[in-house]
Amino acid sequence: MFYSHAEKNELGEIIPTKVLIEHLREVGKAAQQYVAKVPYQHGEELAEAALLAGVCHDFGKYTSYFQDYLLKEKEQGQRHHHGFISAIYGAFQVQKHLTNCCMPYKKYLPLLIYMAILHHHG
């Protein structure tokens, strides 16, 4: 089982609080619904890009480095940082899935998604 969030209980024990796949689904769906409210000619494609960005935004939390950091407080330098790999993956997924999209700025979407995911904690 992979987790996205954890907290310490009153005894100082680390307790996982959110399963990663659930977190990704929730964020993806929320992003999709939020963007779908924006009236724009290509709103459906933008909502799909938002869904992909949300689903991919914490992809790097699937690494053993992050899981060890989250659940065991085990640091291995900066290997537990998940933003960069998540941003690369999100940009790739947007580029891959929106190939038939006809938005005039389609070529910029992977870069925009990359930047949004990379900096989503900052």
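For the structure, check the block above.
Description of the structure in this document. Note that this is a predicted model, so its numbers are computed, not measured.

Comments concerning the overall build of the chain
- Secondary structure assignment for the chain yields 5 helices and 2 strands.
- Listed N to C, the secondary structure of the chain is β-β-α-α-α-α-α in terms of helices and strands.
- C-alpha atoms of the chain, sized along the principal axes, occupy 55 × 25 × 25 Å.
- In the chain, which comprises 122 residues, the share counted as buried stands at 33%.

Remarks on the environment of Ala 47
- Inspection of the secondary structure assignment puts Ala 47 in helix H2 (residues 43-56).
- Assessed through its relative accessible area of 7%, Ala 47 is described here as buried.
- Contacts of Ala 47, omitting those with residues within four sequence positions, involve Gln 32, Val 35 and Ala 36.

Here's the deal with helix H3 (residues 64-72)
- Regarding H3, the residues found buried are Phe 66, Gln 67, Asp 68 and Leu 70.
- Looking at the buried residues of H3, the elements they touch are strand E1 (3-8) and strand E2 (14-19).
- Phi turns positive one or two residues past the end of H3, at Glu 73, with a value near 55°.

Some words on the environment of Lys 8
- Tracing the chain through its elements places Lys 8 in strand E1.
- Judged by relative accessible area, which is 46%, Lys 8 ranks as partly exposed.
- Along the sequence, Lys 8 and Gln 93 sit 85 residues apart, while their C-alpha atoms lie 34 Å from each other.
- Each residue touching Lys 8, except ones within four places of it in the same chain, is listed here: Glu 13, Ile 14 and Glu 73.
- Polar side-chain contacts of Lys 8 include one of 2.9 Å to the side chain of Glu 73.

Focus: unusual backbone geometry
- The backbone of Glu 73 shows a phi angle near 55°, a positive value even though the residue is not glycine.
- With respect to the helices, strands and loops of the structure, Glu 73 is situated in the loop between H3 and helix H4 (83-97).

Section: the packing of aromatic side chains
- Taken as a whole, this structure holds 6 aromatic pairs when the rule is applied.
- Through a chain of ring-to-ring contacts, the aromatic side chains of Phe 2, Phe 59, Tyr 62 and Tyr 89 assemble into a single cluster.

Section: the pattern of salt bridges
- On inspection of all chains with the given rule, the structure shows 4 salt bridges.
- Here Glu 26 makes a salt bridge to Lys 18, at a shortest N to O gap of 2.8 Å.
- Residue classification places Glu 26 among the partly exposed residues on the basis of a relative accessible area of 44%.

Brief notes about the side chain of Asp 58
- Here Asp 58 shows up in the loop between H2 and H3.
- Overall, the relative accessible area of 1% leaves Asp 58 in the buried class.
- A polar contact of 3.1 Å, which involves the side chain of Asp 58, links it to the side chain of His 57.

Analysis parameters
- Residue positions are given per chain, counted from 1 along the sequence in the order it is written.
- With pLDDT at 70 or above as the cut-off, local features in this predicted model cover only qualifying residues; side-chain atom pairs require 80 or more to be listed or tallied, and sums for whole chains, interfaces and linings still use all residues.
- Hydrogens and waters are ignored; side-chain quantities use all the structure's heavy atoms.
- Helix and strand definitions follow DSSP, with helices as H or I runs of at least four residues and strands as E runs of at least two, each counted in order from the N terminus.
- Throughout, exposure labels follow a simple rule: accessible area from a 1.4 Å probe, protein chains only, divided by the maximum for the residue type, with under 20% read as buried, over 50% as exposed, and the rest as partly exposed.
- Contact definition: two residues touch when any of their heavy atoms are within 4.5 Å.
- Identification of polar contacts relies on pairs of N or O atoms within 3.5 Å, with a donor-acceptor requirement for protein atoms, meaning one able to donate a hydrogen and the other able to accept it, and with residues adjacent in sequence counted only if both atoms are side-chain atoms.
- Under the pairing criterion, centres of Phe, Tyr and Trp rings, with the six-membered ring standing for Trp, must be within 6.5 Å; the plane angle then separates stacked pairs below 30 degrees from edge-to-face pairs above 60, leaving the rest tilted.
- What makes a salt bridge here is a side-chain nitrogen of Lys or Arg within 4 Å of a carboxyl oxygen of Asp or Glu, nothing more.

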